[in-house]
Amino acid sequence: VQLVESGGGLVQAGGSLRLSCAASGSIRSIVNMGWYRQGPGNQRDLVAAITSGGITNYADSVKGRFTITRDNAKNTAYLQMNTLKPEETAVYYCNADLWNNLAVRVRAWGQGTQVTVSS
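If you're wondering where the values come from, they're calculated on a predicted model, not measured in any experiment.

A. Here's a closer look at the side chain of T76. Here T76 is to be found in strand 8 (residues 76-81). There is a polar contact of 2.9 Å between the side chain of T76 and the backbone oxygen of K74. With sequence-adjacent residues up to four places away left out, T76 is seen in contact with C21, A22, M33, T69, R70 and D71.

Set out below in C-alpha coordinates:
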(Lines give C-alpha, C1' and ligand atoms only; values in the text may rest on other atoms or scores of the structure.)
Protein backbone atom coordinates (compact mmCIF):
# COMPACT_ATOMS: atom_id res chain seq x y z
CA VAL A 1 0.00 0.00 0.00
CA GLN A 2 1.28 3.45 -0.91
CA LEU A 3 0.05 6.85 0.18
CA VAL A 4 1.21 9.78 -1.91
CA GLU A 5 0.68 13.29 -0.59
CA SER A 6 0.77 16.48 -2.60
CA GLY A 7 -0.15 20.13 -2.27
CA GLY A 8 2.27 21.36 0.34
CA GLY A 9 4.36 24.47 -0.09
CA LEU A 10 5.04 27.97 1.12
CA VAL A 11 2.17 30.30 1.93
CA GLN A 12 1.81 33.58 3.78
CA ALA A 13 -0.04 33.77 7.06
CA GLY A 14 -3.77 33.95 6.40
CA GLY A 15 -3.42 32.05 3.15
CA SER A 16 -4.78 28.67 2.07
CA LEU A 17 -3.47 25.35 0.85
CA ARG A 18 -5.15 22.13 -0.21
CA LEU A 19 -3.41 18.83 0.47
CA SER A 20 -4.23 15.60 -1.33
CA CYS A 21 -3.47 12.00 -0.38
CA ALA A 22 -3.94 9.19 -2.86
CA ALA A 23 -3.82 5.57 -1.69
CA SER A 24 -2.93 2.73 -4.03
CA GLY A 25 -1.89 -0.90 -3.96
CA SER A 26 -3.45 -3.89 -2.23
CA ILE A 27 -6.57 -2.22 -0.88
CA ARG A 28 -9.89 -3.88 -0.21
CA SER A 29 -11.42 -0.99 1.69
CA ILE A 30 -10.25 2.06 3.60
CA VAL A 31 -11.82 2.49 7.02
CA ASN A 32 -10.40 5.82 8.12
CA MET A 33 -8.16 8.44 6.57
CA GLY A 34 -6.47 11.21 8.43
CA TRP A 35 -3.93 13.99 8.41
CA TYR A 36 -1.27 14.45 11.06
CA ARG A 37 1.43 17.06 11.40
CA GLN A 38 4.82 17.24 13.04
CA GLY A 39 6.58 20.52 13.61
CA PRO A 40 10.27 20.90 14.51
CA GLY A 41 10.93 19.29 17.87
CA ASN A 42 7.30 18.26 18.28
CA GLN A 43 5.44 14.99 18.27
CA ARG A 44 3.17 13.96 15.44
CA ASP A 45 -0.36 15.12 16.21
CA LEU A 46 -3.73 14.45 14.63
CA VAL A 47 -5.08 17.34 12.57
CA ALA A 48 -8.21 15.80 11.07
CA ALA A 49 -9.70 12.42 10.28
CA ILE A 50 -12.64 11.07 8.31
CA THR A 51 -14.40 7.72 8.27
CA SER A 52 -15.63 5.89 5.20
CA GLY A 53 -19.09 7.20 6.03
CA GLY A 54 -17.92 10.80 6.13
CA ILE A 55 -17.81 11.35 9.88
CA THR A 56 -15.08 13.86 10.66
CA ASN A 57 -12.93 14.69 13.65
CA TYR A 58 -10.72 17.77 14.04
CA ALA A 59 -8.10 19.02 16.43
CA ASP A 60 -9.56 21.94 18.37
CA SER A 61 -6.95 24.31 16.97
CA VAL A 62 -8.11 23.85 13.37
CA LYS A 63 -11.89 23.66 13.77
CA GLY A 64 -13.62 26.14 11.52
CA ARG A 65 -10.53 26.64 9.34
CA PHE A 66 -9.63 23.18 8.02
CA THR A 67 -11.90 20.77 6.19
CA ILE A 68 -11.18 17.12 5.49
CA THR A 69 -13.00 15.30 2.70
CA ARG A 70 -12.51 12.06 0.84
CA ASP A 71 -13.41 10.46 -2.46
CA ASN A 72 -13.97 6.77 -1.72
CA ALA A 73 -14.03 5.84 -5.41
CA LYS A 74 -10.54 7.29 -5.83
CA ASN A 75 -9.15 6.24 -2.42
CA THR A 76 -8.17 9.86 -1.95
CA ALA A 77 -8.44 12.27 0.96
CA TYR A 78 -8.12 16.04 0.92
CA LEU A 79 -7.36 18.66 3.52
CA GLN A 80 -8.44 22.20 2.77
CA MET A 81 -6.52 24.56 5.07
CA ASN A 82 -7.64 28.16 5.36
CA THR A 83 -6.37 31.08 7.42
CA LEU A 84 -3.07 29.36 8.03
CA LYS A 85 -0.84 30.48 10.90
CA PRO A 86 2.97 30.48 11.13
CA GLU A 87 2.87 28.03 14.03
CA GLU A 88 1.23 25.52 11.71
CA THR A 89 4.46 25.14 9.80
CA ALA A 90 5.12 21.41 9.84
CA VAL A 91 5.42 18.26 7.82
CA TYR A 92 1.92 16.99 7.16
CA TYR A 93 1.44 13.23 6.95
CA CYS A 94 -1.44 11.27 5.51
CA ASN A 95 -2.60 8.13 7.29
CA ALA A 96 -4.95 5.36 6.19
CA ASP A 97 -6.46 2.58 8.27
CA LEU A 98 -7.50 -0.09 5.81
CA TRP A 99 -8.16 -3.71 4.93
CA ASN A 100 -5.84 -5.07 2.25
CA ASN A 101 -6.70 -7.72 -0.32
CA LEU A 102 -5.50 -10.45 2.06
CA ALA A 103 -8.03 -9.30 4.64
CA VAL A 104 -5.27 -7.96 6.89
CA ARG A 105 -5.84 -4.69 8.74
CA VAL A 106 -3.07 -2.27 7.85
CA ARG A 107 -2.15 1.23 8.96
CA ALA A 108 -0.20 3.06 6.28
CA TRP A 109 1.61 6.41 6.26
CA GLY A 110 2.61 8.73 3.49
CA GLN A 111 6.06 10.24 3.16
CA GLY A 112 4.92 13.66 4.32
CA THR A 113 4.59 17.02 2.63
CA GLN A 114 6.11 20.23 3.97
CA VAL A 115 3.83 23.16 4.75
CA THR A 116 5.56 26.42 5.58
CA VAL A 117 3.58 29.45 6.69
CA SER A 118 5.49 32.72 6.66
CA SER A 119 4.60 35.62 8.90
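Having seen the structure, we can now continue with the description.
B. Molecular detail of the packing of aromatic side chains. In total, this model carries one aromatic pair according to the counting rule given. Centre to centre, the rings of Y36 and W109 are 5.0 Å apart; their planes meet at 65°, and the pair counts as edge-to-face. Taken together, the positions of Y36 in strand 4 (residues 29-38) and W109 in strand 10 (residues 105-109) put the pair 73 residues apart, joining distant regions of the chain. Note on Y36: relative accessible area 17%, which makes it buried.

C. How the structure looks around the sheet that holds strand 8. Strands sit in the order 1-3-8-7 across an open sheet of four strands; the sheet is antiparallel. In this open sheet, the two edge strands, each paired with only one partner strand, are strand 1 (2-6) and strand 7 (66-71). Here the average twist between neighbouring strands, direction ignored, is 15°. Note: strand 7 against strand 8, six bridges, orientation antiparallel. If you follow T67 over to strand 8, its bridge partner there is Q80.

D. Molecular detail of the nonpolar core. Ranked by size, the top nonpolar core spans 29 residues in total, and within it M33, W35, V47, L79, M81 and Y92 carry the most contacts. Those elements that provide at least two residues to this core are strand 3 (17-24), strand 4, strand 5 (45-51), strand 7, strand 8, strand 9 (90-99) and strand 11 (113-118). Look past the residues within four positions of V47 in its chain and what remains in contact with it is W35, Y36, R37, N57, Y58, A59, V62, F66, L79 and Y92.

Reading guide: rules and limits
Residues numbered from 1 in each chain as written. Predicted model: local features only at pLDDT ≥ 70, side-chain atom pairs only at ≥ 80, totals over all residues. Heavy atoms only, no water. Helix = DSSP H or I, 4+ residues; strand = E, 2+ residues; numbered from the N terminus. Polar contact = N/O pair within 3.5 Å; in protein donor to acceptor, adjacent residues only side chain to side chain. Contact = heavy atoms within 4.5 Å. Phe/Tyr/Trp six-rings, centres within 6.5 Å; stacked < 30°, edge-to-face > 60°. Buried < 20%, exposed > 50% of the residue type's maximum accessible area, 1.4 Å probe, protein only. Pairing = 2+ DSSP bridges. Axes fitted to C-alpha atoms, helices over the stretch in contact; angles between N-to-C directions. Core = buried A, V, L, I, M, F, W, Y, C linked by side-chain atoms within 4.5 Å.

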